[in-house]
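Per-entry structural report
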Amino acid sequence: MLEATPLGDGWILRHDSEPIPTTVPGCVHTDLMAAGVIPDPFLGLGETEVAWVARRDWTYEREIGGPSGQEQTDLVFDGLDTVAEISLDGRPLGTVRNMHRSYRFDVTGLSGRLSVRFLSAYAEAEAVRGRVGERPAAYAEPYQYLRKMACSFGWDWGPTLVTAGIWRPVRLERWSTARIARVRPLVTVEEGTGVVELAVEVERTRVEAPLAVEATVAGVRARAEIEGAGGVVRLRVPDARLWWPRGYGEQPLYEVELKLLHGEDTLDVWRRRVGFRTVELDRRPDAHGTGFTFVVNGERLFARGVNWIPDDVFPSRITRERYRERLGQAAGAGVDLVRIWGGGIYESEDFYDACDELGLLVWQDFPFACAAYPEEQPLRGEVEAEARENVVRLMPHPSLVLWNGNNENLWGFRDWEWEPRLAGDSWGEGYYLGVLPRVVAELDPTRPYTAGSPWSGSWEHHPNDPAHGTHHSWEVWNREDYADYRLSVPRFVAEFGWQAPPAYTTLRRALPGEELAPDSPGMLHHQKADDGNGKLERGLERHFAVPDGDFDRWHYLTQLNQARAVAAGIEHWRSHWPVCAGTIVWQLNDCWPVTSWAAVDGDGREKPLYHELRRLYADRLLTFQEGDGGLALAAVNQGREEWRGTLTLRRMSVEGEVLGRAEVELVAGARTVARVDVPRELTPLGPKEFLVADADSGAVADTGADGGSGADGGSGADGGSGAGADSGVVADTGADADTGADGGSGAGADAGVVADSGVVADSGVVADAGTDAAGLRALHFPVPDREVPYPAPRFEVALAPGGITVTARTLVRDLLLQADRLDPGARADRGRVTLLPGEQVTIGVRGWKTPDAETARSALYCVETAR
């Protein structure tokens, strides 16, 4: 039987000839930090103080033991970052140059000092550039010249911390006669029967030994003989339960076990979990262009997605628990698809295991991003070898539904002036349209492949044509207002987003002692986007009176603007299902504390955008949209049941007076969008008026529905306050408040929205406490906030079990509790919410050690009229 001995202990790192204790898996930076040699590069300007580390060579060493009773001993590295020379007892074993591959060396009969010498990634990249010639890229760093996590060289949200080290586990494997070298599982469904076909490859020490394999799954057993170096065993599972994306069904997983046998002796065992499901990508042309719709088990999906970057610039620090937490946050926001972006890595098994269990679909980019990649050796051979290894490694996971060739390189060739600069040199097209689709077709025909993102399907259309295939929407943010999201209906929006700073407590930890300002030294250093602060300011000026010298207000408004911007896009595009079949927000997470597009910041704290996604990605969504016939209300129903109820429309003044009212029957079939034209007499007239729509009922399964508001400005739609699941509406007879506040609130699950007997009684925000029924609301303000004469906000704040209760005495727009200001470990259960006069919301707060109402008031923010 194969014996595996982990080699995680006993390593040292040589630094100026001095040994430093190390952690394996790990990297040079984390070892030097642990030893006190370098500061934490995440804090202050520390990144610049450690730049020298990437220009050095580094050596890891440890002793390994002598011979065993087995016929062969292999030294196995699951990952080496990146260019390394490996030797044992002074004998060279090999040189490697690919972070994305594993390596195996025969060390039978050898013992002594094991040495892994890492050469500077910069030196290797510059040497390759010297051989193959210059290639254009989005950034000045030479990341396209070696097979390494590109974003370790920095990105417009990430630091330049070019790593080296043994970043994945290392072990000795001792075995005799034969071992399992590779198992390629093809998992399909044939007329209700689950089929598992295992193509097995073996490595032998004895060529003549008769071998067999025996496989089991769900009580089904099958056996096959090994002929030479391989064999195939096939199992059929009658009435297999289907694996579904979250929100569409359950995620049953079946354990598959494969044994390699020599007579009665078990030589090696392979175990994985699989799920039975079918996946297609409908890219047929139609009247609107060329579609891009995921079809799982015959069900057509609107993909509710987020883009994923490495969760730490030092990926060896990401634990199984951290993957589960971050992906659990994605699932909690209503996400059903995670795209692993091409400037990162093929993630660890822990990532895909969590997605399998949570029902999160995975779109896997091959690691190519924003650059022209040479196709000459040594890179071409490395690319094919890594693709073959990782395609087979990840095949068991039912969550994996798409292989994608690259991020933005086909677009870059056409639009970023690469073509004339290349003058005929290779740039990666041969990978995306040749090598990679060939490898996927040969090894994993059960999954679709697309050449890139964005990609229109062929060179007959512009690569980023919104009418064909996938589209990246970056004119908004870079140059245009987010209201312009409504000017087009792409078939699938694979990237779009808006920046905001991280949570206040995250900034305080990352920038200790700094007087925070948008342009303070640390804030600028932790803003990596080109003209990032300028774009933030211009984005604010279109909607708000930008505060001068008030950092707290600037912080609130920029986070609010991020949530509104993303809402503008998703509400519009979801309202156009099935023409538009998905949105993938840039981005879910961060790899360090930074101002970025993320919904969850580098310390794991949720921004207001995170809570907004819970509303936007709920099965049911109300949104006002402008059309050729005027203002309409779209009722988006992604649920499996019909949505039937009554819509209450009210035209209101900002002082709380109801100026007009109508009730309309709502019927939205399962997986459809219903549109209701707004009567012309209810259209708001001028900046002092707005429109409210409330839907009174409908079962909402696992939505995490969250109140909030959508796009603002021009004729933009604006989502409103809506009670989440398990919420209640009651009459409020409390005394009037006599205090105003520059603050805000939000409402989430287990919250109540309360209407009193004042100006806006019978608000129509209805949900029965203790059930899964919920009321939904949408708001429409016809002008930007800076033109709205909001009344001075007045509301009461009181402690409630597990949180606080806020009661509005005026219109209070986009209230937000920044819970981390109460306690660094505190989290609120919802984001922004707009309350009408008399409404009340309870915000749950976890991790708040010493609750009191006045402290809560200081952490509340809302929109105010320009002063």
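As shown above, the structure is provided for reference.
Described in the following lines is the structure provided in the data block. (Residues numbered from 1 in each chain as written. Predicted model: local features only at pLDDT ≥ 70, side-chain atom pairs only at ≥ 80, totals over all residues. Heavy atoms only, no water.)

**Describing the overall build of the protein chain**
For clarity, the cut-off: Strands here are runs of E lasting at least two residues and helices are runs of H or I lasting at least four, both read from the DSSP assignment and numbered beginning at the N terminus. The atom set for the radius of gyration is the C-alpha atoms, and the globule formula is 2.2 Å times the number of residues raised to the power 0.38. Only protein chains enter the area calculation, which uses a 1.4 Å probe; residues under 20% of their type maximum are buried, those over 50% are exposed, and those in between are partly exposed. Using the Shrake-Rupley algorithm and a 1.4 Å probe, accessible areas are obtained, with residue cover drawn only from the displayed protein chains. By the counting rule applied here, Lys and Arg register as positive and Asp and Glu as negative, while His and the ends of each chain are not counted. Taken as the charge centre is NZ of Lys, CZ of Arg, CG of Asp or CD of Glu, depending on the residue.
Each helix and strand counted, the protein chain has 16 helices and 49 strands in total. Over its C-alpha atoms the protein chain spans a radius of gyration of 29 Å, differing by no more than 12% from the 29 Å that the globule rule assigns to 867 residues. With the principal axes as the frame, the protein chain shows a C-alpha extent of 90 × 65 × 60 Å. Counting across all 867 residues of the protein chain, residues that qualify as buried make up 64%. Carbon and sulfur atoms provide 48% of the accessible area of the protein chain, an area that totals close to 29400 Å². In the protein chain, which carries 90 positive and 132 negative side-chain charges, the distance between the mean positions of the two groups comes to 3 Å.

**A few points about helix H5 (residues 349-358)**
Quick note on the threshold: Every residue pair with non-hydrogen atoms within 4.5 Å of one another is taken to be in contact.
Of all 10 residues that make up H5, 7 are buried, and the element is covered over most of its length. Within the span of H5, buried status applies to Phe-351, Tyr-352, Asp-353, Ala-354, Cys-355, Asp-356 and Leu-358. Along its buried surface, H5 packs onto strand S19 (265-274), strand S25 (303-308), helix H4 (320-332), strand S26 (337-340), strand S27 (361-365) and helix H6 (379-394). Gly-359 sits one or two positions beyond H5 and adopts a positive phi of about 75 degrees.

**Points about the pattern of salt bridges**
This is how the line gets drawn: Salt bridges are counted wherever a side-chain nitrogen of Lys or Arg sits within 4 Å of a carboxyl oxygen of Asp or Glu.
As enumerated under the stated definition, the model contains 75 salt bridges in all. Arg-117 is the partner of Asp-57 in a salt bridge, and the nearest nitrogen-oxygen pair spans 3.0 Å. With Asp-57 in the loop between helix H2 (46-49) and strand S4 (58-64) and Arg-117 in strand S9 (residues 112-118), this residue pair connects regions lying 60 residues apart in the sequence. The class of Asp-57 is partly exposed, set by a relative accessible area of 33%. A salt bridge links Arg-113 to Glu-63, with the shortest nitrogen-to-oxygen separation between them at 2.8 Å. Of the two residues, Arg-113 sits in strand S9 while Glu-63 sits in strand S4, which places them 50 residues apart along the sequence. Classification of Arg-113 by relative accessible area gives partly exposed; the value is 32%. Here Glu-63 falls in the partly exposed class, since its relative accessible area comes to 43%. Overlapping salt bridges, with partners in common, bring together Arg-564, Glu-571, Glu-612, Arg-615, Asp-785, Arg-813, Asp-814 and Arg-832 in one network.

**A closer look at the environment of Arg-640**
Our working definition: Each polar contact in these results corresponds to two N or O atoms within 3.5 Å; when the atoms are within protein, one needs to be able to donate a hydrogen and the other to accept it, and residues that are neighboring in sequence are counted only if both atoms are side-chain atoms.
Relative to the elements of secondary structure, Arg-640 occurs in the loop between strand S34 (630-637) and strand S35 (643-653). For the pair Arg-640 and Arg-671, spaced 31 residues apart in sequence, the C-alpha separation works out to 6.5 Å. Sequence-distant contacts of Arg-640, that is, excluding residues within four places in its chain, are made with Gly-247, Tyr-248, Gly-249, Ala-670 and Arg-671. There is a polar contact of 3.3 Å between the side chain of Arg-640 and the backbone oxygen of Gly-247.

**Some details on the packing of aromatic side chains**
Using the following cut-off: Working definition: a ring pair exists when centres of Phe, Tyr or Trp rings (six-membered ring for Trp) sit within 6.5 Å. Plane angles under 30 degrees give stacked, over 60 give edge-to-face, the rest tilted. Should the NZ of a Lys or the CZ of an Arg lie within 6 Å of a ring centre and within 35 degrees of the ring normal, that charge is described as sitting over the ring.
Summed over the entire model, instances satisfying the criterion amount to 48 aromatic pairs. On the basis of an interplanar angle of 70 degrees and a centroid distance of 6.3 Å, the ring pair of Tyr-431 and Tyr-432 is categorised as edge-to-face. Tyr-432 matches Tyr-431 in its accessibility class, with the two residues each being buried. Residues Tyr-482 and Trp-498 carry aromatic rings whose centres are separated by 5.5 Å and whose planes lie at 85 degrees to one another, so their mutual orientation is edge-to-face. Of this pair, Tyr-482 sits in the loop between helix H10 (475-478) and strand S31 (492-495) while Trp-498 is found in the loop between S31 and helix H11 (504-510), placing the two residues 16 residues apart along the sequence. Residue Trp-498 is classed as buried on the basis of its relative accessible area, which comes to 1%. Among the aromatic residues, ring-to-ring pairing joins Tyr-139, Tyr-143, Trp-155, Trp-157, Trp-341 and Trp-586 into one connected group. Above the ring of Tyr-122, the side-chain terminus of Arg-55 is found at 3.6 Å from the ring centroid. One residue, Arg-821, lies across the ring of Tyr-504, its end atom 3.9 Å from the ring centre.

**Some thoughts on the side chain of Asp-820**
If you trace the backbone, Asp-820 turns up in the loop between strand S45 (812-817) and strand S46 (827-828). Buried and unpaired, Asp-820 has Arg-605 as its nearest opposite-charge partner, separated by 5.1 Å. Only 2.7 Å separates the side chain of Asp-820 from the backbone nitrogen of Thr-505, close enough to count as a polar contact. Asp-820 has contacts with Ala-503, Tyr-504, Thr-505, Arg-605 and Ala-826, leaving out every residue within four places of it along the chain.

**Side note on the sheet that holds strand S3 (residues 18-21)**
Counted only if it meets this: Two strands qualify as a pair provided that DSSP identifies no fewer than 2 bridges between them. The axes used here are C-alpha line fits, helices contributing only the stretch in contact, and every angle between their N-to-C directions lies in the interval 0 to 180 degrees.
Strand order across the open sheet formed by 6 strands is S3-S2-S4-S9-S6-S7, with antiparallel pairing between neighbours. The open sheet terminates on both sides in strands that have one partner only, identified here as S3 and strand S7 (91-97). Shown here is a sheet whose adjacent strand axes are inclined to one another by a mean of 25 degrees, direction ignored. In this sheet, S9 lies alongside strand S6 (residues 83-88) in antiparallel orientation, the contact comprising 5 bridges. Residue Ala-84 lies in a different strand from S9, and its bridge partner there is Phe-118.

**A short note on H4**
Condition: Here the expected span of a helix is defined as 1.5 Å times the quantity of residues minus one.
Look at H4: 18 Å from first C-alpha to last across 13 residues, which is about the 18 Å you get at 1.5 Å a residue. Here H4 has its buried residues at Tyr-323, Arg-326, Leu-327, Gln-329, Ala-330 and Ala-331.

**Considerations on the nonpolar core**
The line we're drawing: Among buried residues, the Ala, Val, Leu, Ile, Met, Phe, Trp, Tyr and Cys ones that are joined through side-chain atoms within 4.5 Å form a nonpolar core.
Grouped together as the largest cluster of nonpolar side chains are 172 residues, with contacts concentrated most on Leu-75, Ile-86 and Leu-613. The element that contributes the greatest number of residues to this core is helix H14 (residues 551-574), accounting for 11 residues.

**Brief notes about the packing of helix H13 (residues 532-541) against H14**
Rule in force here: Working rule for angles: under 35 degrees goes down as roughly parallel, over 145 as roughly antiparallel, 65 to 115 as roughly perpendicular, anything else as oblique. As a working rule, the residues Ala, Val, Leu, Ile, Met, Phe, Trp, Tyr, Cys and Pro are called nonpolar, Asp, Glu, Lys and Arg charged, and the rest polar, with Gly in that last group.
For the pair H13 and H14, the least separation of the axes is 10 Å and the interaxial angle reads 80 degrees. As far as their axial angle goes, H14 and H13 are roughly perpendicular. In contact with Leu-536, Glu-537, Gly-539 and Leu-540 of H13, H14 contributes Trp-554, Leu-557, Thr-558 and Asn-561. Split by residue class, the contact of H13 with H14 holds 4 nonpolar, 3 polar and 1 charged.

**Some points on the pairing of strand S44 (residues 803-808)**
S44 sits mainly inside the fold: 6 of its 6 residues count as buried. Counting the residues in the hairpin turn of strand S43 (residues 795-800) and S44 gives 2 residues, including Gly-802, whose phi is positive at 75 degrees. Relative to strand S48 (residues 840-846), S44 runs antiparallel, the two being bridged by 5 bridges. Its bridge partner lying in S48, Val-806 is registered against Val-841.

**Details of the sheet that holds S44**
As a general point, the strands of a sheet are linked pairwise by backbone hydrogen bonds and lie either parallel or antiparallel. One open sheet accounts for 4 strands, arranged S43-S44-S48-S46; its pairing is antiparallel. Both edges of this open sheet fall to S43 and S46, since each of them pairs with a single strand only.

**Re the packing of H4 against H5**
Filter applied, for reference: Note on convention: near helix rotated counterclockwise from far helix by under a right angle means a left-handed crossing. Clockwise means right-handed.
Running from amino to carboxyl end, H4 crosses H5 at an angle of 40 degrees, the nearest separation of the two axes being 9 Å. Compared by their axis directions, H4 and H5 come out oblique. Relative to H5, H4 is oriented so that their crossing is right-handed. Counting all contacts with H4, which are made through Arg-320, Tyr-323, Arg-324, Leu-327 and Gly-328, the residues of H5 involved are Asp-350, Phe-351, Asp-353, Ala-354, Cys-355, Glu-357 and Leu-358. A class-by-class count of the residues in the contact of H4 with H5 yields 6 nonpolar, 1 polar and 5 charged.

**Topic: unusual backbone geometry**
The residue after Val-24, namely Pro-25, is reached through a cis peptide bond having omega 0 degrees. Inspection of the secondary structure puts Pro-25 in the loop between S3 and helix H1 (28-34). Cis geometry marks the peptide bond from Trp-577 to Pro-578, where omega comes out at 10 degrees. Looking at where Pro-578 falls in the secondary structure, it is placed in the loop between H14 and strand S32 (582-585). Of note in the backbone geometry, Thr-177 takes a positive phi value of approximately 70 degrees without being a glycine. Secondary-structure assignment places Thr-177 in the loop between strand S12 (170-175) and strand S13 (178-190). Its identity as a non-glycine residue notwithstanding, Asn-297 has a phi of 55 degrees, on the positive side. For Asn-297, the position within the fold is in the loop between strand S23 (293-296) and strand S24 (299-300).

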